[in-house]
Amino acid sequence: MANKEGKKIGNPLDELFTDAISQIDPASLAAILKPFVRINKETKRILFTPQGMNITANNKIILFVLVRKAMLLQGVSESDSIRPKEIKEELGKSIPAGTIDAALKYLSEKGPLKGQDGKYFIPDFNFPQVEEIFNKLNK
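Quick notes on the rules
Residues numbered from 1 in each chain as written. Predicted model: local features only at pLDDT ≥ 70, side-chain atom pairs only at ≥ 80, totals over all residues. Heavy atoms only, no water. Helix = DSSP H or I, 4+ residues; strand = E, 2+ residues; numbered from the N terminus. Buried < 20%, exposed > 50% of the residue type's maximum accessible area, 1.4 Å probe, protein only. Contact = heavy atoms within 4.5 Å. Arc of directions from axis to C-beta. Core = buried A, V, L, I, M, F, W, Y, C linked by side-chain atoms within 4.5 Å. pLDDT = per-residue confidence, 0-100.

Describing the environment of Gly52
Part 1: With respect to the helices and strands, the residue Gly52 is situated in helix H2 (residues 50–53).
Part 2: Take Gly52: its relative accessible area is 0%, and that puts it in the buried class.
Part 3: Considering only alpha carbons, one finds Gly52 and Phe64, 12 residues apart in sequence, at a separation of 11 Å.
Part 4: Those residues in contact with Gly52 that lie beyond four places of it in its chain are Pro35, Phe36 and Lys60.

In structure tokens:
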């Protein structure tokens, strides 16, 4: 394609294509996670900060799933989806298994989680809801 002057013009549709695996801004994701969690570089385990230890079970689960998205964006994980069993293994010391099951059901029905094929994740389009939840906690 060329314009009147004969200069080559790219296809306008090229602007729609990206190599990104997510539309979430990494700085926004880090801002949500930083007050509440750290990720061990070697084991990839989630460590809750003192502030993170004091939030509700539902918010801990949201953060746990959100960390998986951060790990995906960093190339540390191949998926941002997580099975309930993995959540229970990691959080079961501080949250009873029945509470985790009920929270996953609630969070997938009311948002921001989505359940698919026995796994849970936070779709990019639900990220503003997550930001709203944690912005309220940081005030």
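Looking at helix H4 (residues 84–91)
Part 1: Looking at H4, one finds that the buried residues are Ile87, Glu90 and Leu91. Projected down its long axis, H4 carries its buried residues within an arc of 80°, all on one side. Of the exposed residues in H4, those oriented more than 90 degrees away from the buried face are Lys85 and Glu89.
Part 2: Among the structural elements, strand E2 (46–48), helix H3 (57–73) and helix H5 (97–110) are those in contact with the buried residues of H4.

A short note on the nonpolar core
Part 1: If you look at the biggest cluster of nonpolar residues, it comprises 32 residues, and the most contacted ones within it are Ile61, Leu63 and Ile87.
Part 2: Among the secondary structure elements, those contributing two or more residues to this core are helix H1 (26–33), E2, H3, H4, H5 and helix H6 (127–137).
Part 3: Excluding its chain neighbours within four sequence positions, the residues that come into contact with Leu63 are Ile32, Leu33, Phe36, Val37, Phe48, Ile55 and Phe134.

As for the confidence of the model for the protein chain
Part 1: Summarising the model, the protein chain shows a mean pLDDT of 89, and 92% of its residues fall at 70 or more.
Part 2: Predicted confidence in the protein chain is weakest over H6, with a mean pLDDT of 91, and strongest over strand E4 (residues 119–121), with 96.

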